[in-house]
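# Residue-level structure breakdown
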Amino acid sequence: MTTGTSGGFRGHGPQAPLDLGELGPAQVESIVGRLADGTMPALAGALAKASNCVHPVRLVGRSESVDLRTGEIVSTFRSVDEPMGLLYKPCGNRREAVCPSCSRLYARDTFELISTGLHGGKGVPAAVNANPLLFVTLTAPSFGPVHRIRDGKEPCHPRTRLAMCPHGRRLTCWANHSPDDPRVGAPLCGDCYDTVSAIVWQWHAPELWRRFTIALRRQLAVELGLRDRDLKHHARLEYAKVAEFQARGLVHFHALVRMDGPDGAGSPAPIGAAMLQHAVGHAAAAVTCTALPLDDRDVERILRFGAQTHVRIVREGTVAGDEITAEQVAGYLAKYSTKSAGADPEHLLPHLARLTEFCRALSARALAGCPFACEERAGDRHPRLCGACAHNPYALLGRWASMLGFRGHFSTKSRRYSVTLGALRRARRRFQSLAVDARHRATPLDTRELEQRLMADDEETTLVVGSWTYDGSGWPRPGDKALADAAASRAREYARWRADQRTTNPA
Ligand SMILES: [Zn+2]
Ligand SMILES: [Zn+2]
Ligand SMILES: [Zn+2]
Ligand SMILES: [Zn+2]
């Protein structure tokens, strides 16, 4: 057993320099410059306040907090008083590849909201852990063979006969791809691969999910011998889901599906997990969505989920002895919520870059022949389209090219699943203002019923009135971002170390 002092975090102290990775000459010069002109402590302060966000938004201005009950100004905040004379506001980006620090906060919040739906807390009754729970994965169908990693060290596409496609490309691949092999997810033949259908599927994936939830409620009504509209008087279906990009650039949906009784979380469900599992499998296989043709030369498509639907029972709903699995699932979902398509959005793998080009090309194709030349603007960030084109179902496909045509949210949940991300953010804000208040008054923070106060849905009693102007984004000097990156990864290591300490040395 290690004690707190002997097993301290290695990353503290002068013997543990920050790992800055490889720096260019401009970055080195700017870091040396900060040390020379004495602005390094100010930068360190600003980095800490912005939680080491790598692309903060720079704001100039001031705000006043007004107590709504008395009309009194309780505090004033001015950007000129900040360490570097500006307010650096974290970018809040969800994607790990864009901002490691902000995405970690997002993952933490996602984990919180998923796990409160598993165990209760923050206003969700603890009895929720008696409700049946499934872990469901819905996949995209196949649009042609792609390079893949297979279990048990099997080669990618082994075939004894030399098979060639009509384009003269081999349909065999004897490689054992490693996870970082850029070929993983790329079609064996880009011309055989049905890229158009793949993108049309992705474009409709959120609708397919929506229809799945409707089909599932119908199926449950059938199994319970009820009319659709009476289901809510007997059972409620709640879920939390995340979308995860696979190597081929199409999304999977991973969802926790929970069955509650008529009074919501914690009220006993009328059926067990096995019956729910059956209904999910049935609904996933049956649900379809008809996609309109892109143009006169195209065809209508009936879209479905892929055959590899996984429906695992996490909790039977009778005993709560498998908490670890539920915890793992929550962690798994939170991690997926921060992944983007391809590791680095700036340097997309060739087959993913091809999908983005297709998104733009297909929306231009759908709008081709418009007398106002809308197709030329179809790929713009905010395309200005004529009335007719604005109603075309593929009009905005080009705008979602960087998301490979996926326009859904990356993590969503049904309304009564648990708390909301908004409520968690509000609680954090309230906590900060309580802490500031306690500091000002030089009194300890009263933790009595703190969680309840933080999560309360009541009206805010403080109004923040501010006037802010946008100064730009990012850190001012080239080396600053490298320091933010290094500090963020140090914070990540520290959090991991703390978590290890907790598991090996529980208090
Ligand atoms: Zn950020
Ligand atoms: Zn291969
Ligand atoms: Zn081919
Ligand atoms: Zn038009």
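From a predicted model like this one, the values you see are computed outputs, not experimental measurements.

### Let's talk about the packing of aromatic side chains
Following the criterion strictly, the structure yields 10 aromatic pairs and no others. Considering the side-chain rings of Trp 209 and Tyr 239, the 5.2 Å spacing of their centres and the 70 degrees angle between planes classify their relative orientation as edge-to-face. Residue Trp 209 is located in helix 4 (residues 195-223), and its partner Tyr 239 is located in strand 5 (residues 236-245); the two are separated by 30 residues in the primary sequence. Across the pair, Tyr 239 and Trp 209 agree in class, each one buried. An aromatic cluster is present here, built from Trp 201, Trp 209, Phe 212, Tyr 239, Phe 245, Phe 253, Phe 305 and Phe 406 joined pairwise through their rings.

### Examining the confidence of the model for the protein
Here the protein averages 85 in pLDDT, and 91% of its residues register 70 or above. For the protein, the element scoring lowest by mean pLDDT is helix 10 (residues 450-455), at 72; strand 8 (residues 301-303) scores highest, at 97. Ignoring residues within four places in sequence, the model shows residues 1-6, a span with pLDDT below 50, making four contacts including any to other chains.

### Thoughts on the sheet that holds strand 10 (residues 411-413)
One open sheet accounts for five strands, arranged 9-4-6-5-10; its pairing is antiparallel. Single-partner strands in this sheet number two, and they are strand 9 (310-315) and strand 10. Neighbouring strand axes in the sheet, compared pairwise and without regard to direction, differ in orientation by 15 degrees on average. Alignment of strand 4 (residues 133-138) against strand 6 (residues 251-260), held across six bridges, turns out to be antiparallel. From the neighbouring strand, Leu 134 faces strand 6, where its bridge partner is Val 257. Here helix 5 (residues 273-286) sits on the sheet and contacts strand 4, strand 5, strand 6 and strand 9; the angle it forms with strand 9, its principal contact strand, is near 160 degrees.

### Considerations on the coordination of the zinc ion (ligand 3)
The zinc ion (ligand 3) binds to the protein through Cys 165 (SG), His 167 (ND1), Cys 189 (SG) and Cys 192 (SG); the donor distances cover 2.0 to 2.3 Å. Coordination at the zinc ion (ligand 3) is tetrahedral, judged from the four donor atoms that bind it and the angles of 102 to 115 degrees they form at the metal. Every donor residue of the zinc ion (ligand 3) comes from the same chain, spaced as C-x1-H-x21-C-x2-C. With a gap of 25 residues between them, His 167 in the loop between strand 4 and helix 4 and Cys 192 in the loop between strand 4 and helix 4 connect regions that are remote in the sequence. Residue His 167 is classed as partly exposed on the basis of its relative accessible area, which comes to 41%.

What counts, and where the lines are drawn
Residues numbered from 1 in each chain as written. Chains lettered and ligands numbered in written order. Predicted model: local features only at pLDDT ≥ 70, side-chain atom pairs only at ≥ 80, totals over all residues. Heavy atoms only, no water. Phe/Tyr/Trp six-rings, centres within 6.5 Å; stacked < 30°, edge-to-face > 60°. Helix = DSSP H or I, 4+ residues; strand = E, 2+ residues; numbered from the N terminus. Buried < 20%, exposed > 50% of the residue type's maximum accessible area, 1.4 Å probe, protein only. pLDDT = per-residue confidence, 0-100. Contact = heavy atoms within 4.5 Å. Pairing = 2+ DSSP bridges. Axes fitted to C-alpha atoms, helices over the stretch in contact; angles between N-to-C directions. Donors = N, O, S within 2.8 Å, 3.2 Å for Na, K, Ca; no water. Tetrahedral: all angles 85-135°; square planar, octahedral: opposite > 155°, others 65-115°.

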